[in-house]
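# A structural walkthrough
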Amino acid sequence: MSHVPQIKIPATYMRGGTSKGVFFSLTDLPEAAQVSGAARDSILLRVIGSPDPYGQQIDGMGGATSSTSKTVILAKSEQVDHDVDYLFGQVAINKAFVDWSGNCGNLTAAVGAFAISKGLVDADRIPENGICTVRIWQKNIQKTIIAHVPMTNGEVQETGDFELDGVTFPAAEVVIEFMDPADGEGSMFPTGNVVDDLEVPGIGTFKATMINAGIPTIFMNAADIGYTGTELQKDINSDADALARFETMRAYGAVKMGLIKDIAEAVERQHTPKIAFVAPATDYQASSGKQIASNDIDVCVRALSMGKLHHAMMGTASVAIATAAAVSGSLVNLAAGGVERDSVTFGHPSGTLRVGAAAALVDGEWTATKAVMSRSARVIMEGNVRVPGDTF
């Protein structure tokens, strides 16, 4: 009996923000996977170790959470005034499915460093020392992102003293600017309302702010759905009934936002929209044991990703939080005190995060110009990842 040998694909395993993913240069992928389609998806699924009915991704690079089941493909940009094209694939854990419907804001922090190290940024744009401004074209959502990457002696500086709640060790700070983060093809509020009544048959009707900024997100009041806004992962993820309710609410919200036509389609669109719940600032203990004081934050926010409560906060959802907080009358703005603001500090399960955002009402429509946050990133391992030769 003959066996097909494994093939080697150059890859880099990186942490960006509070996520980890496998990064590829487009031209290093097998030819069949250099275009979108079944071959590309099959390779990425096998790299990560999905689908895994055990939910552990033991036979791949995934870490059995939405934060660690991620892939990135980068190429020299085809867009004018951009350095790198960034394509993100969220890999399902127990299903043979790669979701290409949105961005990963956390891994964005690693895109600039990878692009510099792989020669995707022109040499004359890279300072020997200082900050390299990397212009990123996010292909999933067709948006510009600017990463400010520190350089030391001609190399990306990865070590530093910047601390990010949800990440154990300090590293160098990478400032990320999400330009024009709202959906360019429609209203930032797809329903036309800052607050809607979201009817979820069999569960109830709830106030909801549904926004498309950073990533499509449905915000609800924690108290309306029986929570305090200070929950940790164990409080939600161990409750199968609660997770099922959240998924049902997410599905009906996706229909109301116009992202899908029927709730049955939500199973094939797990990455977007996100669902989150908010509450006024409250004292609580983060998952690390760190005490979070109510006077150190503006609002408490908890968000689910790929069907589970996130251990910290997704970067793109952070953009949605900050943008919504800047919009008078949104549920996030009201939970944060109902005042005008151009930044928000929110509490999440691992600690706190400050994000700046600007929003304005123009001709009756809310628009967002930019959202800014700090993250960090580093290479964990680089070399080759192997997959069986008959994977695609």
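Residues numbered from 1 in each chain as written. Predicted model: local features only at pLDDT ≥ 70, side-chain atom pairs only at ≥ 80, totals over all residues. Heavy atoms only, no water.

### Examining the overall build of the protein
Rules: Runs of H or I in DSSP of at least four residues are treated as helices and runs of E of at least two as strands, each being numbered from the N terminus. Note on method: radius of gyration uses C-alpha positions; expected globular size equals 2.2 Å times residues raised to 0.38. Buried residues are those whose accessible area, probed at 1.4 Å on protein chains only, stays under 20% of the maximum for their type, while exposed residues exceed 50% and partly exposed ones sit between those limits. Note on areas: Shrake-Rupley with a 1.4 Å probe; residue coverage comes only from the protein chains shown.
Within the protein, the secondary structure is distributed over 6 helices and 21 strands. Compactness check: the protein gives a C-alpha radius of gyration of 20 Å against a globular reference of 21 Å for 392 residues, within 12% of the reference. Overall, the protein is about 60 × 55 × 45 Å in size when its C-alpha atoms are taken along their principal axes. Scored against the burial criterion, the 392 residues of the protein give a buried share of 53%. Of the roughly 16,400 Å² that the protein leaves accessible, carbon and sulfur atoms contribute 49%.

### Quick look at the pattern of salt bridges
Close approach of charged atoms lets side chains of opposite charge pair. What counts here: The salt bridge criterion pairs a side-chain nitrogen of Lys or Arg with a carboxyl oxygen of Asp or Glu, the two atoms within 4 Å.
One pass over the structure, following the stated rule, counts 11 salt bridges. Ionic pairing is found between R46 and D59, a salt bridge with its closest N-O pair at 3.3 Å. Remark: D59 occurs in the loop between helix 1 (38-48) and strand 3 (70-76) and R46 occurs in helix 1; sequence separation between them is 13 residues. We classify D59 as exposed; its relative accessible area is 55%. R135 serves as the salt-bridge partner of D83, at 3.0 Å between the closest nitrogen and oxygen. Of the two residues, D83 sits in the loop between strand 3 and strand 4 (84-91) while R135 sits in strand 6 (residues 130-138), which places them 52 residues apart along the sequence. One continuous salt-bridge network, built from bridges that share partners, spans D83, R125 and R135.

### So, the packing of aromatic side chains
This is how it is decided: Pairs were defined over the aromatic rings of Phe, Tyr and Trp, the Trp ring being its six-membered one, requiring ring centres within 6.5 Å. Orientation was assigned from the angle between planes: stacked under 30 degrees, edge-to-face over 60, tilted for the rest.
Under the counting rule described, the total for this entry stands at 4 aromatic pairs. Ring geometry for Y227 versus F246: centroids 5.8 Å apart, planes at 15°, classification stacked. With Y227 in the loop between strand 12 (215-221) and helix 3 (233-237) and F246 in helix 4 (residues 240-256), this pair connects stretches of sequence that are 19 residues apart. Given a relative accessible area of 16%, Y227 falls into the buried group. With relative accessibility at 3%, the residue F246 sits in the buried group. Relative to F277, the ring of Y227 has its centre 5.3 Å away and its plane inclined at 25°; by these criteria the two rings are stacked. Within this pair, whereas Y227 is found in the loop between strand 12 and helix 3, its partner F277 is found in strand 13 (residues 274-280), the two being separated by 50 residues in sequence.

### Remarks on the pairing of strand 16 (residues 299-305)
Definition in use: Strand pairing requires that DSSP identify at least two bridges connecting the strands.
Most of strand 16 sits out of view: 7 of its 7 residues are buried. Residues of strand 16 alternate between two faces, with V299, V301, A303 and S305 on one and C300, R302 and L304 on the opposite face, all of them buried. Bridge count for strand 16 against strand 18 (residues 343-348) is 2 bridges, and the pairing is parallel. Note on strand 18: the bridge partner recorded for V299 is F346. As judged from the 2 bridges shared by strand 16 and strand 17 (residues 308-309), these two strands associate in the antiparallel manner. Bridge pairing in strand 17 places L304 opposite L309.

### A few points about the side chain of R250
Rules: Any N or O atom pair separated by 3.5 Å or less is treated as a polar contact, with the protein-specific requirement of one donor-capable and one acceptor-capable atom, and with residues adjacent in sequence counted only for side-chain atom pairs. Here, two residues are considered to be in contact whenever any of their heavy atoms come within 4.5 Å of each other.
Residue position: R250 is located in helix 4. Judged by its relative accessible area of 5%, R250 is buried. Polar side-chain contacts of R250 include one of 2.9 Å to the side chain of E247. Look past the residues within four positions of R250 in its chain and what remains in contact with it is I218, A266, R269, Q270, T272, P273 and I275.

### Things to note about the pairing of strand 7 (residues 143-152)
In terms of burial, strand 7 is a largely internal element, 7 of the 10 residues being buried. Across 9 bridges, the pairing between strand 6 and strand 7 is antiparallel. Opposite W137, over in strand 7, you have T144 as the bridge partner. Across 4 bridges, the pairing between strand 7 and strand 9 (residues 174-179) is antiparallel. Directly across from I146, in strand 9, lies its bridge partner E177. Where strand 7 and strand 8 (residues 155-156) come together, 2 bridges link them in antiparallel fashion. Looking at strand 8, one finds that T152 is bridged to E155. Where strand 7 folds back onto strand 8 in an antiparallel hairpin, the turn is made up of 2 residues, including N153, whose phi is positive at roughly 55°.

### Concerning helix 4
Short version of the rule: Any helix carries an expected span of 1.5 Å times its number of residues minus one.
With 17 residues, helix 4 extends 25 Å between its outermost C-alpha atoms, agreeing within 8% with the 24 Å of an ideal straight helix rising 1.5 Å per residue. Within the sequence span of helix 4, burial applies to A242, L243, F246, M249, R250, A251, G253 and A254. Measuring from the backbone nitrogen of D241 back to the side-chain oxygen at the start of helix 4 gives 3.2 Å, which picks out D239 as the cap. Trailing helix 4 by a residue or two, G258 shows a phi angle of about 80°, which is positive.

### Quick look at the environment of P5
By secondary structure assignment, the location of P5 is in the segment before strand 1 (6-16). Taking the C-alpha atoms as reference points, P5 and G389, separated by 384 residues in sequence, lie 5.7 Å from one another.

### Points about unusual backbone geometry
A cis amide bond links S50 with the next residue in sequence, P51, at an omega value of 0°. Note that P51 resides in the loop between helix 1 and strand 3. Here A64, not a glycine, exhibits a phi torsion of approximately 65°, which is positive. Within the secondary structure layout, A64 lies in the loop between helix 1 and strand 3.

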